[in-house]
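What the coordinates show
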Amino acid sequence: MGFRHIAELCLALAVTTAWSQTPVEAPEWAEGNTPPPPSYSKDKLIPIEMPSYVTLRVGIDPETLNVGATDGVVRYVVVMRNASGSTNASYEGILCTKGEVKTYARADANGKWTTVPNSEWTPMTDNLPSRHAYAIAKQGGCDGRTSDKREDTIRALKRLKKAFD
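Remember, predicted model here, so these are calculated numbers, not experimental data.

1. Examining the pattern of salt bridges
Considering all chains together, one arrives at three salt bridges under this definition. Note that Lys102 is salt-bridged to Glu31, the shortest N-O span being 2.9 Å. Here Lys102 is found in strand E6 (residues 100-107), whereas its partner Glu31 is found in the loop between helix H1 (3-20) and strand E1 (46-48), with 71 residues between them in sequence. The partner of Arg75 in a salt bridge is Asp71, and the shortest N-O contact between them spans 2.8 Å. Taken as a pair, Arg75 and Asp71 share a single burial class, namely buried. Each of the salt bridges in this network shares a partner with another, and the network as a whole consists of Glu31, Asp71, Arg75 and Lys102.

Next up, the structure:
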C-alpha cells in the first residue's frame with residue numbers, strides 16, 4: 001500500500017469519525033421542585049459578613065441549607081436583624097452557575113411564612129436594597145460558579161468566626 005493510499009484512508013476515516021460524532025447539546029436547565037419554607041432557628045445562625053454601609057446583621061440557619069440534587073440550587077433561610085433588634089427571614093435560592101437569586105417566601109417577626117408570588121430569578125449583583133445573597137455566595141454559598149455538597153457549603157460559610165449578636 002502506497003503512501004498516497006494510506007493518506008486517503010486516514011482522511012476518509014477522519015471524515016467518517018467527525019460526521020458520526022454529532023454534537024450533543026446539554027439539556028436546558030430547569031428548576032426542580034422547591035420544598036416548602038422550612039422552620040428555622042435564630043439560635044445557631046452562621047454570620048454573613050456584610051459591607052460596612054449595611055446596618056443589618058445577616059445570618060443563615062445551617063439546618064435549612066440544601067443543595068438541590070437535580071438543579072444545583074443552594075436554598076437556605078436567611079435571618080436579618082436590624083439595629084433595633086427586630087428580625088425577619090427569607091427563604092431563598094442561589095443559582096451559582098448563573099449568579100442569580102430568587103426569594104421563595106418571607107417570614108414576619110413571628111416566623112409566619114408568606115409565599116412570594118411570581119418570584120423570578122434576578123442577578124445577585126443588581127442594585128438591590130440588600131446584597132446579602134451576593135455576600136452569601138462569595139463567602140461559601142458558591143464555590144466559583146458551582147456549589148458543592150451541603151456539608152461543604154456549611155463548612156465554607158463557617159470560616160467566619162464573628163458571632164451573630
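2. Observations concerning the side chain of Lys102
Looking at Lys102, the relative accessible area reads 13%, which means it is buried. Residues within four places of Lys102 in sequence aside, it is in contact with Glu31, Tyr91, Glu92, Gly93, Ser119, Glu120 and Trp121.

3. So, the packing of aromatic side chains
Geometrically, a pair of aromatic rings is defined through the distance of the ring centres and the angle of the planes. Enumeration over the complete set of coordinates arrives at four aromatic pairs. On the basis of an interplanar angle of 80° and a centroid distance of 6.0 Å, the ring pair of Trp29 and Trp121 is categorised as edge-to-face. Highlighted residues: Trp29 in the loop between H1 and E1 and Trp121 in the loop between strand E7 (113-115) and strand E8 (122-123), separated in sequence by 92 residues. A residue is classified by how much of its surface remains accessible, and Trp29, at 29% relative accessible area, is partly exposed. Exposure remark for Trp121: the relative accessible area of 19% places this residue in the buried category. The structure contains a cluster of three or more aromatic residues connected by ring pairs, namely Tyr40, Tyr91, Tyr104 and Trp113.

Criteria and cut-off values
- Residues numbered from 1 in each chain as written.
- Predicted model: local features only at pLDDT ≥ 70, side-chain atom pairs only at ≥ 80, totals over all residues.
- Heavy atoms only, no water.
- Salt bridge = Lys/Arg side-chain N within 4 Å of Asp/Glu carboxyl O.
- Helix = DSSP H or I, 4+ residues; strand = E, 2+ residues; numbered from the N terminus.
- Buried < 20%, exposed > 50% of the residue type's maximum accessible area, 1.4 Å probe, protein only.
- Contact = heavy atoms within 4.5 Å.
- Phe/Tyr/Trp six-rings, centres within 6.5 Å; stacked < 30°, edge-to-face > 60°.

Everything listed is a geometric property; what it means functionally is a separate question.
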